[in-house]
Amino acid sequence: MTRTPEGTTAPGALDIEDVTVTVGGRDLVHGVSLRVAPGEVLGLAGPNGAGKSTLLRTVYRTQRPTTGRVLLDGEDVWRLPGKQVARRLAAVLQESAGDFDLTVYDVVAMGRTPHKRAFAGDDAHDRAVITHALTRLDVVELADAPFQHLSGGEKQRVLIARALAQQCGTMVWDEPTNHLDLRHQLDVLTLVRRFGATAVVALHDLNLAAAFCDRLCVLAAGRVVALGPPAEVLTPELLSSVYRVDAEVGAHPRTGTPYVTLLTGDDGPAKLPRR
Ligand code: ADP
Ligand code: MG
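A. Focus on the site of ligand 1. Looking at ligand 1, the residues that line it are Val23, Arg26, Leu28, Pro47, Asn48, Gly49, Ala50, Gly51, Lys52, Ser53, Thr54 and Arg57. Within the backbone of Ala50, a nitrogen or oxygen atom sits 3.1 Å from an oxygen atom of ligand 1. Between ligand 1 and the protein, one listed contact pairs an oxygen atom with a side-chain N or O atom of Ser53 at 2.9 Å. Taking 560 Å² as the accessible area of ligand 1 by itself, protein coverage stands at 63%.

B. Quick peek at the domain arrangement of the protein chain. When its domains are assigned, the protein chain resolves into domain 1 (14-231) and domain 2 (235-275). Computed from C-alpha coordinates alone, the two centres of domain 1 and domain 2 are separated by 29 Å. Tallying the contact residues gives 14 residues for domain 1 and eight residues for domain 2. Taken together, the two surfaces of domain 1 and domain 2 that pack against each other cover about 790 Å², and 72% of this comes from carbon and sulfur. Looking at the side of domain 1 facing domain 2, the largest losses of area belong to Pro47, Leu206 and Asn207, adding up to 47% of the total buried there. Inspection of the domain 1/domain 2 interface yields zero salt bridges. On inspection of domain 1 and its partner domain 2, the count reaches two residue pairs in polar contact (both at pLDDT 80 or more). Those elements that place two or more of their residues in the side of domain 1 that touches domain 2 are helix 7 (206-212), strand 9 (215-220), strand 10 (223-228) and helix 8 (230-233). Top contributing element to the side of domain 1 that touches domain 2 by residue count: helix 7, with four residues. Along the lines of polarity and charge, the residues of the side of domain 1 that touches domain 2 split into 12 nonpolar, two polar and no charged.

C. Focus on helix 6 (residues 182-195). For helix 6, with 14 residues, the first-to-last C-alpha span of 20 Å sits near the 20 Å given by 1.5 Å per residue. Within helix 6 the residues assigned to the buried category are His184, Gln185, Val188, Leu189, Leu191, Val192 and Phe195. Mapping the buried residues of helix 6 onto a view down its axis gives an arc of 150°, with all of them on the same face. Among the exposed residues of helix 6, those pointing more than 90 degrees away from its buried face are Leu182, Arg183 and Arg194. Here helix 6 starts with a cap whose side-chain oxygen sits 3.2 Å from the backbone nitrogen of Arg183, and that cap is Asp181. Backbone geometry just after helix 6 places Gly196 at a positive phi near 80°.

D. Highlighting helix 5 (residues 152-165). Between its first and last C-alpha, helix 5 extends 20 Å over 14 residues, near the 20 Å set by a 1.5 Å rise per residue. In terms of burial, helix 5 is a largely internal element, 12 of the 14 residues being buried. Burial in helix 5 covers these residues: Gly153, Lys155, Gln156, Arg157, Val158, Leu159, Ile160, Ala161, Arg162, Ala163, Leu164 and Ala165. Buried residues belonging to helix 5 abut strand 6 (89-92), helix 3 (104-109), helix 4 (124-136), strand 7 (170-174) and helix 6. Once helix 5 ends, the next one or two residues include Gln167, with phi positive near 50°.

E. Molecular detail of the environment of His204. On the secondary structure map, His204 appears in the loop between strand 8 (198-202) and helix 7. Residue classification places His204 among the partly exposed positions, given a relative accessible area of 36%. When the C-alpha positions of His204 and His115 are compared, they lie 33 Å apart, and in sequence the two are 89 residues distant. Discounting chain neighbours no more than four positions away, the residues touching His204 are Gly46, Asn48, Lys52 and Glu175. For His204, the side chain forms a polar contact with the side chain of Glu175, separated by 3.1 Å.

F. Expanded view of the pattern of salt bridges. In this structure the tally under the stated criterion is 10 salt bridges. The partner of Glu75 in a salt bridge is Arg88, and the shortest N-O contact between them spans 3.3 Å. Linking Glu75 in strand 5 (residues 75-76) with Arg88 in helix 2 (residues 82-88), this pair joins segments that are 13 residues apart in sequence.

G. Representation of the sheet that holds strand 5 in the model. Pairing is antiparallel across the open sheet formed by four strands, whose spatial order is 2-1-4-5. At either margin of the open sheet sits one strand with a lone partner, and together these are strand 2 (26-36) and strand 5. Pairing of strand 1 (residues 14-23) with strand 4 (residues 67-72), which is carried by five bridges, proceeds in the antiparallel orientation. Pairing of Ile16 across the sheet is with Val70, part of strand 4.

H. Local environment of the nonpolar core. Val108, Leu137, Val158 and Trp173 are the most contacted members of the largest nonpolar core, which totals 55 residues. Both domain 1 (14-231) and domain 2 (235-275) contribute no fewer than three residues apiece to this core. Among all residues touching Val108, those that are not within four sequence positions of it are Ile130, Ala133, Leu134, Val158, Ala161, Arg162 and Ala165. Within the second largest apolar cluster, 28 residues are counted, among which are Leu34, Leu42, Leu93 and Val172.

About the thresholds
Residues numbered from 1 in each chain as written. Chains lettered and ligands numbered in written order. Predicted model: local features only at pLDDT ≥ 70, side-chain atom pairs only at ≥ 80, totals over all residues. Heavy atoms only, no water. Near = heavy atom within 4 Å. Polar contact = N/O pair within 3.5 Å; in protein donor to acceptor, adjacent residues only side chain to side chain. Areas by Shrake-Rupley, 256 points an atom, 1.4 Å probe, with all protein chains shown as cover. Domains from an automatic or database assignment. Contact = heavy atoms within 4.5 Å. Buried area = accessible area lost by both parts, 1.4 Å probe. Salt bridge = Lys/Arg side-chain N within 4 Å of Asp/Glu carboxyl O. Helix = DSSP H or I, 4+ residues; strand = E, 2+ residues; numbered from the N terminus. Nonpolar A, V, L, I, M, F, W, Y, C, P; charged D, E, K, R; others polar. Expected span 1.5 Å × (residues − 1). Buried < 20%, exposed > 50% of the residue type's maximum accessible area, 1.4 Å probe, protein only. Arc of directions from axis to C-beta. Pairing = 2+ DSSP bridges. Core = buried A, V, L, I, M, F, W, Y, C linked by side-chain atoms within 4.5 Å.

Quick look at the structure:
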């Protein structure tokens, strides 16, 4: 099997083909088609309730599309055996932030399961991969701590370490920087890029999304309303129509990265009366 320097399987091509998810007569996702190239980092943006998590769940086999298909290197993920998919596709989903009655090390070790025979223990290679993931996410000192005692941000990093230990060429991340402080936000997104895997990342922070993603896809009410390079997608018109905010979009003078500044009108902090 091809290995990238991080030891992952080769980046996969992900095709979301005309996916609709209907629950209780309502379309949570409607006719979404996306092609993510091997190694590409695609940012998924959109307001709360837009359908980002639902779409990611169809990729990670936790929400079956009502119609349409999700293909990993041309194979329908919903028709492949679960273990085969788990060797090639890893996820950091929001709902996985639940509590486990396990140590941090054990949670990260769960990432090795798809690579092992049933009931097989961790061998030296598994232990090296687990330790590497713990180190990369800056949680190695927490290895023996009970997972449920951690802060929200620490749990998040442990769950990312678990996904890293899975060594997959394709990853879906649902708001991986949620709960993280600035240093760890930067570390995690740098990791997403360095990892070399194909990635679909739901992100609320549009400035981070613009800095780290090759393309952005904006969802609103379950539909794709914009798709393209960050500089093309992030316009004041889009931010106004999709997010209902007044914003300016500039390009950073040094990096050229687009950045969004929210305009607060007369109600910004500088205008509040001093106490
Ligand atoms: P996002 O991640 O963009 O905030 P979600 O995909 O979580 O949006 O949710 C999209 C919409 O679907 C929301 O209105 C949410 O309440 C609804 N929804 C999500 N999951 C279900 C479900 N299992 N049953 C019914 N409604 C759901
Ligand atoms: Mg969500």
